[in-house]
Amino acid sequence: QQLVAACLAGAAFSNAQVGLVHAMAHTVGARNGIHHGLANSICMPHVIRFNGPMCHDAYNAVSVAFGLSPSRDAQETAARLADALFDFAAAAGLSTSLKAEGVPENALSDLAEATLSDGAIVYNGRPAFDVEELKPIWRAAWEGK
């Protein structure tokens, strides 16, 4: 089942590309040895909150597929989806914070800066070009929910 899921994921992002969550996962994985899938899982809820205003229709569709009610408010949709994914990961026994994975707090600024150099970021649903925009996302991923 995992092999089929990995194949489907590869087919999906070969056509749709990846974004900020992968740029963050690449960065923290390379610098702190966190498995790419786990890093994506930890960062995803926080990137969803960031992307909320620009990705409402897509996030509403994912929310419905995840069993949540659709919403007309973009931030509400993003927040509910982010919370559901966070809770899903926690229920599966996955770590939900970079702090729990041993990422030092004093590394967050450098991680935010390095993320801007990752090519995946250019495909993000909401443009992100300023390190100051990324720092709160890294802080949230470090702290967890």
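On a predicted model such as this, the values are computed, not experimentally measured, just so you know.

1. Description of the overall build of the chain
Consideration 1: From N to C terminus, the chain includes seven helices and zero strands.
Consideration 2: Starting at the N terminus, the α and β elements of the chain follow one another as α-α-α-α-α-α-α.
Consideration 3: Over its C-alpha atoms the chain spans a radius of gyration of 15 Å, differing by no more than 12% from the 15 Å that the globule rule assigns to 145 residues.
Consideration 4: Along the first, second and third principal axes, the C-alpha set of the chain runs to 40 × 35 × 30 Å.
Consideration 5: Across the 145 residues of the chain, 42% fall into the buried class.
Consideration 6: Put simply, 63% of the contacts in the chain that link residues at least 6 apart link residues at least 24 apart.
Consideration 7: Here the chain displays about 7800 Å² of accessible surface, and carbon together with sulfur accounts for 57% of that area.
Consideration 8: Both charge centroids of the chain, one from 9 positive and one from 14 negative side chains, sit 4 Å from each other.

2. Some details on the environment of Ala114
Consideration 1: Among the secondary structure elements, Ala114 is positioned in helix α6 (residues 108-115).
Consideration 2: Look at Ala114 and you get buried, because its relative accessible area is 17%.
Consideration 3: The sequence separation of Ala114 and Gln2 amounts to 112 residues, and the corresponding C-alpha distance is 30 Å.
Consideration 4: Once residues within four sequence positions are removed from consideration, Ala114 is found in contact with Thr27 and Arg31.

3. A closer look at the packing of aromatic side chains
Consideration 1: On inspection of all chains with the given rule, the structure shows one aromatic pair.
Consideration 2: The interplanar angle of 75° and the centroid separation of 5.7 Å between the aromatic rings of Phe66 and Phe88 together place this pair among those described as edge-to-face. Here Phe88 lies in helix α5 (residues 74-91) and Phe66 lies in the loop between α4 (56-65) and α5, a separation of 22 residues in the sequence.
Consideration 3: When its relative accessible area of 54% is taken as the criterion, Phe88 is described as exposed.
Consideration 4: Over the aromatic face of Phe50 sits the side chain of Arg126, whose NZ or CZ is 3.9 Å from the ring centroid.

4. A few points about the environment of Ser41
Consideration 1: Structurally, Ser41 can be placed in helix α3 (residues 36-51).
Consideration 2: Using a relative accessible area of 22% as the deciding quantity, one classes Ser41 as partly exposed.
Consideration 3: Among residues more than four places away in sequence, those in contact with Ser41 are Ala89 and Leu94.

Parameters and conventions
Residues numbered from 1 in each chain as written. Predicted model: local features only at pLDDT ≥ 70, side-chain atom pairs only at ≥ 80, totals over all residues. Heavy atoms only, no water. Helix = DSSP H or I, 4+ residues; strand = E, 2+ residues; numbered from the N terminus. Rg over C-alpha atoms; globule rule 2.2 N^0.38 Å. Buried < 20%, exposed > 50% of the residue type's maximum accessible area, 1.4 Å probe, protein only. Contact = heavy atoms within 4.5 Å. Areas by Shrake-Rupley, 256 points an atom, 1.4 Å probe, with all protein chains shown as cover. Lys, Arg positive; Asp, Glu negative; His and termini not counted. Charge placed at Lys NZ, Arg CZ, Asp CG, Glu CD. Phe/Tyr/Trp six-rings, centres within 6.5 Å; stacked < 30°, edge-to-face > 60°. Lys NZ or Arg CZ within 6 Å of the ring centre and 35° of its normal.

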